[in-house]
Amino acid sequence: MLIPIADVPRWYAERKPADTIAVSHGDKAITWQQLERNANRRARAFAAKGVKPGDFVAIGLPNSNLFFETTFAVWKCGATPTSLTWRLPRGEAAAVLDILRPSLVVGGQPDWNAPNSLPADFVPEGVSDEPVTNPVARYWKAMTSGGSTGRPKVILDHRPAVIDTAGPAAVGMPLGASLLNPGPLYHNAPFIASHTALFHGGRVTGLVKFDAEETLRLIEASRVQWVNFVPTMMHRIW
C-alpha cells in the first residue's frame, strides 16, 4: 500500500496491538500510538512557528525517541528534514544553514544563531494530537556531506515522501524487522536504515552512543534481526 511517510505512525497504530513499541532508547520507549500523537503535536507546533509544505527543517538532536517524533512531524508539515550533528561548530552550522535556508531549526546550539528555532527540550503544549493533513513533501530527506573538498553540501534526495508499506524495503531489510541502530542519526546510513524499519512496521532499538557490550546485550534482548555496522564498531565488538 502506497501511503505518505507522514501517515506511517497512524497506519501501524491502527493495525498493531496498542502496546507495540515503535522506538526505544535506553529505558525509554514509545508505542506506535504515542509516536503518532506526539508527532501530530509537534507538527502543529512547527506550523505555528512558520513551517509550510515545501520547506526544509534542520534537526540538531542526538539519537533519541524525540528525534523520530521530530522527523515524522516534519513530514506531517509537508516539509523535508535535514539532520545535523547537534555539536556542529557555529561556523560549519552557518555554512550549512546558508545553503539549506530552513524555515525552522530544531535543537542544535544557541550560537548557531538560527533566525527561527526551537530548543532541543521543546515540549509542545496546548495543541491537538489529532491527525494532520498536508501535501506530501516533494523530497523525503536532504542530508549533508563535506564531500571531497570538505565544503558543506546538502544532498537532496529527489524521491517524494511516500512509501509502499508492502515493500520491498530498501537495503534488503525484511519487512517488520527488529532493527538495532548503533550509529548517529545525522549520518545518512543510520538515518535511512532506522526509518526504513519503521516505514515497514518494524521496531527500532537505538543507542544514544555506541557501546560494544551494550550492543550485544540489546541484540539479544530485543531479538534484533538487522543492524548496520561500520568496521570500527565491528572491531570494538571483536
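For the structure, check the block above.
This one's a predicted model, so the numbers in the text were calculated from it and none came from an experiment.

A. The overall build of the protein, seen in detail. Looking only at helices and strands, the protein has seven helices and 13 strands in total. Its C-alpha radius of gyration of 17 Å places the protein within 12% of the 18 Å reference for a compact globule of 238 residues. Of all 238 residues assigned to the protein, the portion counted as buried reaches 49%. Sequence separation of 24 or more characterises 71% of the internal contacts of the protein that already satisfy a separation of 6 or more. As displayed, the protein offers around 11,600 Å² of accessible surface, 54% of which is attributable to carbon and sulfur atoms. Of note, the protein has its 24 positive side-chain charges centred 5 Å away from the centre of its 20 negative side-chain charges.

B. Structural view of the sheet that holds strand S6 (residues 104-107). Taken in spatial order, the four strands line up as S5-S4-S6-S7 in an open sheet, and their pairing is parallel. Edge strands, defined here as strands with exactly one partner in the open sheet, are strand S5 (80-83) and strand S7 (117-118). As judged from the two bridges shared by S6 and S7, these two strands associate in the parallel manner. Along S7, the bridge assignment pairs Val 105 with Ser 117. The sheet contacts of helix H3 (residues 65-76) involve strand S4 (56-60), S5 and S6, and relative to S4 the element is tilted by about 175°.

C. The arrangement of the sheet that holds strand S12 (residues 203-206) in detail. As summarised here, the arrangement of the five strands in space is S3-S2-S12-S11-S13, forming an open sheet in which the pairing is mixed. Here the strands that pair on one side only, and so sit at the sheet edges, are strand S3 (28-31) and strand S13 (226-227). Here three bridges tie strand S2 (residues 21-25) to S12, and the two strands are oriented parallel to one another. Looking across to S12, one finds that His 25 is bridged to Gly 206. Against the sheet, H3 contacts S2, S3 and S12, and its axis sits at roughly 130° relative to S2.

D. Highlighting the packing of aromatic side chains. For the coordinates displayed, the defined rule picks out 10 aromatic pairs. Arranged with centres 5.3 Å apart and planes meeting at 75°, the rings of Phe 72 and Trp 75 form a pair that is edge-to-face. Placement of the pair is Phe 72 and Trp 75 together in helix H3, with a separation of three residues, close to one helical turn. We note that Phe 72, like Trp 75, is buried.

E. Here's a closer look at the environment of Leu 218. Checked against the element boundaries, Leu 218 lands in helix H6 (residues 212-221). Accessibility expressed as a relative area gives 10% for Leu 218, which makes it buried. For the pair Leu 218 and Leu 207, spaced 11 residues apart in sequence, the C-alpha separation works out to 9.1 Å. With residues near it in sequence (within four places) discarded, Leu 218 still touches Leu 180, Thr 205, Leu 207, Arg 223 and Val 224.

F. Inspection of the pattern of salt bridges at higher detail. All told, the structure shown has 11 salt bridges when counted by the stated rule. Residues Arg 10 and Asp 7 are paired through a salt bridge, measuring 3.5 Å at the closest nitrogen-oxygen approach. Bridged by salt links that share partners, the residues Asp 7, Arg 10, Glu 36 and Lys 76 form one connected network.

Conventions adopted
- Residues numbered from 1 in each chain as written.
- Predicted model: local features only at pLDDT ≥ 70, side-chain atom pairs only at ≥ 80, totals over all residues.
- Heavy atoms only, no water.
- Helix = DSSP H or I, 4+ residues; strand = E, 2+ residues; numbered from the N terminus.
- Rg over C-alpha atoms; globule rule 2.2 N^0.38 Å.
- Buried < 20%, exposed > 50% of the residue type's maximum accessible area, 1.4 Å probe, protein only.
- Contact = heavy atoms within 4.5 Å.
- Areas by Shrake-Rupley, 256 points an atom, 1.4 Å probe, with all protein chains shown as cover.
- Lys, Arg positive; Asp, Glu negative; His and termini not counted.
- Charge placed at Lys NZ, Arg CZ, Asp CG, Glu CD.
- Pairing = 2+ DSSP bridges.
- Axes fitted to C-alpha atoms, helices over the stretch in contact; angles between N-to-C directions.
- Phe/Tyr/Trp six-rings, centres within 6.5 Å; stacked < 30°, edge-to-face > 60°.
- Salt bridge = Lys/Arg side-chain N within 4 Å of Asp/Glu carboxyl O.

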